[in-house]
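Okay, here's what each chain looks like letter by letter:
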Amino acid sequence: MTSNLYFSNDMLRCGRCGKESIIHDKSLGEIFCKSCGFVIDEKINNLNQDSINFNDDKNNRRTGTKMSMSVHDFGLSTMIGSINKDAKGKPISASTNATIKRIRIQDQRSQLHRSVDINYKTAFDMLQRIQDKMCVSDHIKEHAAYIYRKAVEQKITQGRSINAVIAASMYAACRNTQTLRTLRDISEVTDIKPKKIAQSYRAIVKQLNLKIPVVNQVHCLSKISNNLGVSEKTKYLAMEILQKAADLRILAGRDPVGISAAILYYACLIKKETFTQTQVAEASRVTAVTVRNRFHEIKKIIHIDLNK
């Protein structure tokens, strides 16, 4: 077993006692004096041999990108670069250049030798575009890639479009991580009809037995309020109405975005903010008919004086 302590050659004397007993503790990241116990630095980098060094004249122990579920080969395949230089940076001789070119072509062809690899390559390229357009985190992308791989194993992709299944996987990942993205949002960035995405999503949830949590309607209400630009008083009143609706159990079986938009419109009427049903519908990305119907349902059950 190797020790985490070793004597330093860079700093020979302690600034307090003046003795040559400086020690590096790699496990704690500290530099201290063995004689008097004075801690000289407590935030040093890991001094193991594995640490990454970006100097060209040093031997780097770690190279390449990290493993990723959203890469068809998990990022573990070889890659021969297009620069005709060896490991030391010296140019390759002309006699070897033709051989390296043939090896490079064969390496590229061998990356996708199975149909499932081509499937993953197509799907994950689409997934990357969805992530870029929707501005979601890498964690959600990795989760969506995991769901898609499970869907391929269960043969859910058979008879369905690859793009529709990967879009449904992204929607399932967003729902599972409580990230507020609707079917319409994914439909717009993928140019796939929401009905097709919903069909693939239901198949994924059913066959993979996913436990999708209920959408937090407070997040929906906050997002719509920010898009609409309502005041904090109106937003607070809308939260109170939402809590009353939850206590009366009238939220079950209804679209959380539509019901949140109707509650916000109700609060705007009470606080006399001049936002129409159409404006609220555009901010929440639902139809004005949905806002109007849900508003009348809530108004019949939760009575609040509009003149107060």
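Note that this is a predicted model, so its numbers are computed, not measured.

K.L.:
Would you mind going over the pattern of salt bridges with me for this structure?
P.N.:
Side chains that differ in sign of charge can pair as their charged atoms come close. Applying the stated criterion to the full structure yields eight salt bridges. Among the salt bridges present, the one from Glu 153 reaches Lys 150, with a minimum N-O distance of 3.9 Å. In this pair, Glu 153 and Lys 150 are both assigned in helix 3 (residues 138–153), three residues apart and thus about one turn of the helix distant. Because the salt bridges share partners, they merge into one network encompassing Asp 185, Glu 188, Lys 223 and Arg 285.

K.L.:
Just to check I follow, could you spell out helix 4 (residues 162–176) for this structure?
P.N.:
What sets the pattern is the α-helix's 3.6 residues per turn: residues three or four places apart point alike. The first and last C-alpha atoms of helix 4 sit 21 Å apart over 15 residues, in line with the 21 Å expected at 1.5 Å per residue. Restricting attention to buried positions, one finds in helix 4 the residues Ala 164, Val 165, Ile 166, Ala 167, Ala 168, Ser 169, Met 170, Tyr 171, Ala 172, Ala 173, Cys 174 and Arg 175. Residues of helix 4 that are buried in the fold lie against helix 2 (115–134), helix 3, helix 5 (183–190) and helix 6 (194–208). Between a side-chain oxygen at the N-terminus of helix 4 and the backbone nitrogen of Asn 163 the separation is 3.3 Å; the capping residue is Ser 161.

K.L.:
Sorry, what's going on with the environment of Ile 31 here?
P.N.:
Tracing the sequence through the fold places Ile 31 in strand 3 (residues 30–33). Judged by its relative accessible area of 9%, Ile 31 falls in the buried class. Residues Ile 31 and Asp 41 lie 10 residues apart in sequence; the distance between their C-alpha atoms is 5.0 Å.

Rules used throughout
- Residues numbered from 1 in each chain as written.
- Predicted model: local features only at pLDDT ≥ 70, side-chain atom pairs only at ≥ 80, totals over all residues.
- Heavy atoms only, no water.
- Salt bridge = Lys/Arg side-chain N within 4 Å of Asp/Glu carboxyl O.
- Helix = DSSP H or I, 4+ residues; strand = E, 2+ residues; numbered from the N terminus.
- Expected span 1.5 Å × (residues − 1).
- Buried < 20%, exposed > 50% of the residue type's maximum accessible area, 1.4 Å probe, protein only.
- Contact = heavy atoms within 4.5 Å.
- Polar contact = N/O pair within 3.5 Å; in protein donor to acceptor, adjacent residues only side chain to side chain.

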